[in-house]
Amino acid sequence: MRRWGAGFATNLATFADRLQERRAAVEREEDLPAVPGEDGAPPPGTERAEPRAEYVPPPPSYAPAVSAPRDPVHAVPWGVRVAAEVGWRFLVLAGALYVLMRVISAVELVVLAFVGSLLTTALLQPTVAMLKRAGLPRGLATAVTFIGGFVIIGLVGWFVAWQVMENTDMLSQQLQDGIGQLKKWLLNSPFHVTETQINQIAKNLQHAIGTNAEQITSAGLQGVTVVIEVFTGIFLAMFSTLFLLYDGRNVWQWVLKLFPRDAREGLAGAGPRAWRTLTLYVRGTVIVAFIDAVCIGVGLYFLGVPMAVPLAVVIFLGAFIPLVGAVASGALAMIVALVTQGPFTMLMVLVVVLAVQQIEGHILQPFILGRAVRVHPLGVVLSVAAGSLIAGIGGAVVAVPLVAVTNTVVGYLRAHAQEAALLAAPGPHGSTAVEVAPVRKDVPEDS
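Since the model is a prediction, treat every value here as computed from it, not as a measurement.

Observations concerning the overall build of the protein
- Check the secondary structure of the protein and you find 13 helices and zero strands.
- The order of helices and strands in the protein, counted from the N terminus, is α-α-α-α-α-α-α-α-α-α-α-α-α.
- Considering only contacts within the protein whose residues lie at least 6 apart along the sequence, 68% involve residues at least 24 apart.
- When the accessible area of the protein is evaluated, it comes to approximately 32700 Å², of which 69% is carbon and sulfur surface.

Digging into the packing of aromatic side chains
- According to the stated counting rule, one finds four aromatic pairs in the structure shown.
- When the ring of Phe-235 is compared with that of Phe-239, the centres are 6.4 Å apart and the planes differ by 25°; the resulting orientation is stacked. Of the two residues, Phe-235 and Phe-239 are both situated in helix α8 (residues 213-256); the distance of four residues between them amounts to about one turn of the helix.
- Exposure remark for Phe-235: the relative accessible area of 56% places this residue in the exposed category.
- Aromatic side chains Tyr-301 and Phe-302 sit 5.7 Å apart centroid to centroid with 75° between the ring planes, which places their arrangement in the edge-to-face category. The pair formed by Tyr-301 and Phe-302 is uniform in burial state, with each residue classed as exposed.
- Cluster of aromatic residues (ring-pair linked, three or more members): Phe-235, Phe-239 and Phe-243.
- One cation-aromatic arrangement involves Arg-138 over Tyr-246; the distance from NZ or CZ to the ring centre is 4.5 Å.

As for the packing of helix α4 (residues 108-133) against helix α9 (residues 261-302)
- At their nearest, the axes of α4 and α9 sit 9 Å apart, and the two run at 85° to each other. Classified by the angle their axes make, α4 and α9 are roughly perpendicular. Facing α4, whose interface residues are Leu-118, Leu-119, Thr-121, Ala-122, Leu-123, Gln-125 and Pro-126, α9 presents Trp-275, Leu-278, Thr-279, Val-282, Arg-283 and Val-286.
- Counted by class, the contact of α4 with α9 contains nine nonpolar, three polar and one charged residues.

Section: a nonpolar patch on the surface
- A cluster of nonpolar residues, Tyr-98, Val-99, Val-103, Val-107, Leu-109 and Val-110, forms a patch on the protein surface that exposes about 530 Å² of accessible area.
- Of all elements in the fold, only α3 (78-106) and α4 reach the threshold of two or more residues within the nonpolar patch.
- It is α3 that provides the largest number of residues to the nonpolar patch, a total of three residues.
- Among the structural elements, Leu-109 can be located in helix α4.

Observations regarding α9
- Helix length check: α9, at 42 residues, gives a terminal C-alpha distance of 62 Å against a target of 62 Å (1.5 Å per residue), a fit within 8%.
- The largest bend in α9 amounts to roughly 30° and is located at Leu-267.
- Of the residues one or two after α9, Gly-304 is the one with positive phi, at around 80°.

Criteria and thresholds
- Residues numbered from 1 in each chain as written.
- Predicted model: local features only at pLDDT ≥ 70, side-chain atom pairs only at ≥ 80, totals over all residues.
- Heavy atoms only, no water.
- Helix = DSSP H or I, 4+ residues; strand = E, 2+ residues; numbered from the N terminus.
- Contact = heavy atoms within 4.5 Å.
- Areas by Shrake-Rupley, 256 points an atom, 1.4 Å probe, with all protein chains shown as cover.
- Phe/Tyr/Trp six-rings, centres within 6.5 Å; stacked < 30°, edge-to-face > 60°.
- Buried < 20%, exposed > 50% of the residue type's maximum accessible area, 1.4 Å probe, protein only.
- Lys NZ or Arg CZ within 6 Å of the ring centre and 35° of its normal.
- Axes fitted to C-alpha atoms, helices over the stretch in contact; angles between N-to-C directions.
- Parallel < 35°, antiparallel > 145°, perpendicular 65-115°, else oblique.
- Nonpolar A, V, L, I, M, F, W, Y, C, P; charged D, E, K, R; others polar.
- Patch = residues over 30% accessible without salt bridge, like charges linked within 9 Å, V, L, I, M, F, W, Y side chains within 5 Å.
- Salt bridge = Lys/Arg side-chain N within 4 Å of Asp/Glu carboxyl O.
- Expected span 1.5 Å × (residues − 1).
- Bend = angle between axes of the 7 residues up to and from the residue.

Put into structure tokens, the structure is as follows:
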């Protein structure tokens with residue numbers, strides 16, 4: 001028993017020593033770097049060795065078959081990206097336009113006065129050029145044209161005011177008679193209107209006027225402020241017109257210097273064309289308005305409508321507001337004819353106004369204004385409406401010439417950009433270059 005116990009202890013010690021040696025050998029192998037075989041496999045004898053938890057296998061020698069994630073920009077559809085690009089640019093332009101409108105509304109009087117001076121200068125500039133060609137110095141030609149032009153405008157205004165004041169009493173009496181005739185017609189009309197109802201309407205009108213007397217008084221005070229602003233605008237317009245007539249070319253050269261150097265070439269070509277368009281528009285509008293006023297005024301005179309000359313002047317001024325001005329001035333002439341002469345005369349005035357307007361629209365404007373300053377009727381209506389909403393009557397007057405000038409400038413700048421792109425693009429030279437050379441559309445073939 002003692003011999004068996006001694007043998008067992010010896011065997012147990014031997015097994016412990018072997019186990020200790022095996023453990024030491026395994027630790028030495030883990031401390032050495034692993035050298036893979038030729039095919040990337042682990043060295044012989046290490047297949048069964050269990051790796052530790054932090055062991056990272058080497059990358060494979062082939063590309064993985066997994067595609068990289070897509071860029072979020074490319075994941076958005078092309079149409080949505082285009083719409084977004086257009087949208088934010090449109091928002092920037094709308095914001096800039098809004099700020100510009102706010103600035104213009106803050107200095108509306110100055111802007112309208114300057115635009116009025118531009119229109120007046122476009123009307124008077126040919127006279128200055130004619131006097132200079134006749135031998136007068138520039139200063140004297142400018143002074144003669146400026147003084148003569150504003151003297152004529154002042155005399156016309158004085159004549160209109162004098163005619164209105166001279167005929168006020170007669171028109172008031174005829175207006176009362178017309179109201180009496182209208183009352184009799186209502187009493188005998190098929191609408192079954194009684195005299196009590198008419199008197200009640202008149203009483204309500206008197207009560208409304210008495211109730212709103214304070215508002216009417218405040219409106220009168222505001223009218224004084226408006227008169228002061230009108231005279232201030234007239235003075236600014238006259239002052240600006242004088243300098244534009246005398247030194248307009250240098251003013252334009254100074255304006256060009258405010259723009260970047262790369263944009264000056266296109267603007268230098270667009271400026272004279274825009275001024276020519278404005279000059280043709282103002283000159284043609286004055287001629288057409290004068291013909292309308294004379295024809296309708298003669299018709300009113302022969303029909304016996306009172307104040308035919310003041311109404312003709314109103315028609316002349318209304319012609320500067322396309323479509324709307326003609327309708328308003330014609331309606332005023334018809335109302336005066338109805339009150340003073342009766343329904344038949346009113347219908348005859350309507351016939352005269354419509355006939356003159358048709359001749360103007362189909363013969364005078366295409367012949368006098370030409371195609372260079374023609375604007376589509378829809379554009380005229382929308383521009384006049386927008387101008388009246390922004391700046392009242394003054395905005396309605398300048399809306400159409402502004403659209404015509406803008407159309408000319410944009411068309412020229414587009415053609416200039418295309419021409420510059422063709423000249424800058426690499427292309428054939430020599431005799432074959434004629435096929436792609438830009439050709440100006442506004443130059444006649446025989447020039």
